[in-house]
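# Results of the structural survey
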Amino acid sequence: MNKQQLFENIKRKKSFLCVGLDIDIKKIPTHLLNEEDPIFAFNKIIVDSTADLCVAYKPNLAFYESLGIQGWSAFEKTVRYIKENYPDQFIIADAKRGDIGNTSEMYARSFFEHLDIDSVTVAPYMGEDSVKPFLVYPGKWVIVLGLTSNKGSQDFQFTADASGERLFEKVMRISQTWATDDQMMFVVGATQGKLFTDVRKIAPDHFLLVPGVGAQGGSLQDVAKYGMNKQCGLLVNSSRGIIYADKSENFGIAARAESKKIQEQMEALLQERSLI
Ligand SMILES: O=c1ccn([C@@H]2O[C@H](COP(=O)(O)O)[C@@H](O)[C@H]2O)c(=O)[nH]1
């Protein structure tokens, strides 16, 4: 999927919502524990309940890997289920990979060849040769950590060099020279509010993956105000706020209601900017 196709999906669905599939076996309704694959059973209901309201799904690998083979199998089944039943969805493997070149090649092979996922998040700390192996797959995306949503983003990402350029700015300025904006996005946390203005000075045309609304308290309105561009340019993720909106057997209905609430706000924001 390229940038224009992603934008077309956003306009058609009036939504730039990404539903985060961060499934903790300790938090899913207990009746599902009788299923052969409780995590997949949970995901199937979440996906079927939300697919018309979002344009992307983001399973975070940590939640699957924590369960060993069973978790990885649930992850693969979930990806295949989405691809077969909702082929217009953009799938993000939130794995935050990145290593020396030959190792990154294996990570890329796993997500882009074995699973044919649309994109993977990558930590850029190890530099160009750690990111490039992900960029040789036509139509696939690398999502580079830019300015993260957590408190610890303050520890390194705001450190400025002698010219005043902050680390997150340097990361985004340099890494975008490795790929086109049809292959690379950046992660920018919803909790960063007004700083989206600074991000847009460096990356005016890139899509941004924006985690941090919902459970982390980031403001969708601020993200749109400071971060939206002429192709929307935003995939805003909510994980816990949607998947655990209700912990009973009605969790699918509640996930849908929560997604609908966010989608309606997104529709209004897209309308305000005359993008739909
Ligand atoms: O800066 C970042 C980068 C990644 N994440 C991930 O996004 C989701 C957020 O989940 P919520 O439950 O909606 O808070 C999760 O997978 C994080 O690992 C992030 O939050 N911030």
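Everything numeric here is computed off the predicted structure, so don't read it as measured data.

Each helix and strand counted, the protein chain has 12 helices and 8 strands in total. On C-alpha atoms alone, the protein chain measures out to a radius of gyration of 18 Å, which is about the 19 Å that the 2.2 N^0.38 rule sets for 276 residues. Reported as C-alpha extents along the three principal axes, the dimensions of the protein chain are approximately 60 × 45 × 35 Å. Relative to its full complement of 276 residues, the protein chain shows a buried share of 46%. When contacts within the protein chain are restricted to residue pairs at least 6 apart in sequence, long-range pairs at least 24 apart make up 72% of them.

Surrounding the ligand, one finds 19 residues, the nearest of these being Asn-60, Thr-148, Pro-211, Ser-239 and Arg-240. Counting residues per element, the ones that place at least two in the shell around the ligand are strand 8 (234–238) and helix 11 (240–243). Among the residues making up the shell around the ligand, the classes are represented as 3 nonpolar, 13 polar and 3 charged.

The strand order around the closed barrel built from 8 strands is 1-2-3-4-5-6-7-8, with neighbouring strands paired in parallel fashion. Going across the sheet, the axis of each strand differs from the next one's by a mean of 30°, ignoring polarity. As defined by bridge partners, strand 3 (residues 90–97) adjoins strand 4 (residues 119–122) across 3 bridges and the pair is classed as parallel. Considered in strand 4, the bridge of Arg-97 is made with Val-122.

Let's shift gears to helix 2 (residues 38–50). End to end, helix 2 covers 18 Å across 13 residues, agreeing with the expected 18 Å (1.5 Å per residue, within 8%). The buried count for helix 2 comes to 10 of 13 residues, which makes it a mostly enclosed element. Residues Pro-38, Ile-39, Phe-40, Phe-42, Asn-43, Ile-45, Ile-46, Val-47, Ser-49 and Thr-50 constitute the buried set of helix 2.

Do not read the predicted coordinates in detail wherever pLDDT is low. Summary statistics for the protein chain give a mean pLDDT of 97 and a share of 100% for residues scoring 70 or more. Our summary of model confidence lists the complex with pTM equal to 0.97 and ipTM equal to 0.99.

A few words on the UniProt feature "domain: Orotidine 5'-phosphate decarboxylase" (unreviewed entry) in the protein chain. Mapped onto this structure's residue numbering, the UniProt feature "domain: Orotidine 5'-phosphate decarboxylase" (unreviewed entry) falls at residues 16–255. Annotation note: span residues 16–255, helix share 38%, strand share 18%, distance between end C-alpha atoms 16 Å.

Along the chain, Asp-161 turns up in the loop between helix 7 (153–156) and helix 8 (167–175). The exposure class assigned to Asp-161 is exposed, which follows from the 10 C-beta atoms found within 10 Å. Each C-alpha atom, one on Asp-161 and one on Ala-257, is 46 Å from the other, the two residues being 96 residues apart in sequence.

The subject of this paragraph is the pairing of strand 6 (residues 184–188). The buried fraction of strand 6 amounts to 5 of the 5 residues, a majority that puts the element mostly inside the structure. Relative to strand 6, strand 5 (residues 141–147) runs parallel, the two being bridged by 5 bridges. Bridge pairing in strand 6 links Ile-143 to Met-185. Across 2 bridges, the pairing between strand 6 and strand 7 (residues 208–211) is parallel. Considered in strand 7, the bridge of Val-187 is made with Leu-209. A crossover connection joins strand 6 to the parallel strand 7 through helix 9 (residues 196–202); in handedness this β-α-β unit is right-handed.

Judged by nonpolar contacts, the single largest core of 81 residues is most densely connected at Leu-17, Ile-143, Leu-235 and Val-236. Those residues in contact with Ile-143 that lie beyond four places of it in its chain are Ile-92, Ser-119, Val-120, Thr-121, Val-122, Met-185, Phe-186, Val-187 and Leu-209.

What follows concerns the packing of helix 2 against helix 12 (residues 251–272). Interhelical geometry of helix 2 versus helix 12 gives an angle of 40° and a closest axis separation of 8 Å. Relative to helix 12, the element helix 2 is oriented oblique. For helix 2 against helix 12, the interelement crossing comes out right-handed. Contacts between helix 2 and helix 12 involve Ile-45, Ile-46, Ser-49 and Thr-50 on the former and, on the latter, Gly-252, Ala-255, Arg-256 and Ser-259.

Here is what the cut-offs are and how they apply
- Residues numbered from 1 in each chain as written.
- Predicted model: local features only at pLDDT ≥ 70, side-chain atom pairs only at ≥ 80, totals over all residues.
- Helix = DSSP H or I, 4+ residues; strand = E, 2+ residues; numbered from the N terminus.
- Rg over C-alpha atoms; globule rule 2.2 N^0.38 Å.
- Buried ≥ 20, exposed ≤ 12 C-beta atoms within 10 Å, placed from the backbone.
- Contact = placed C-beta atoms within 7 Å.
- Near = placed C-beta within 6 Å.
- Nonpolar A, V, L, I, M, F, W, Y, C, P; charged D, E, K, R; others polar.
- Pairing = 2+ DSSP bridges.
- Axes fitted to C-alpha atoms, helices over the stretch in contact; angles between N-to-C directions.
- Expected span 1.5 Å × (residues − 1).
- pLDDT = per-residue confidence, 0-100.
- UniProt positions renumbered as here; feature names shortened; annotations may be inferred.
- Right-handed = clockwise from strand over helix to strand, strands pointing away.
- Core = buried A, V, L, I, M, F, W, Y, C linked by C-beta atoms within 7 Å.
- Parallel < 35°, antiparallel > 145°, perpendicular 65-115°, else oblique.
- Left-handed = near helix turned anticlockwise from the far one by under 90°.

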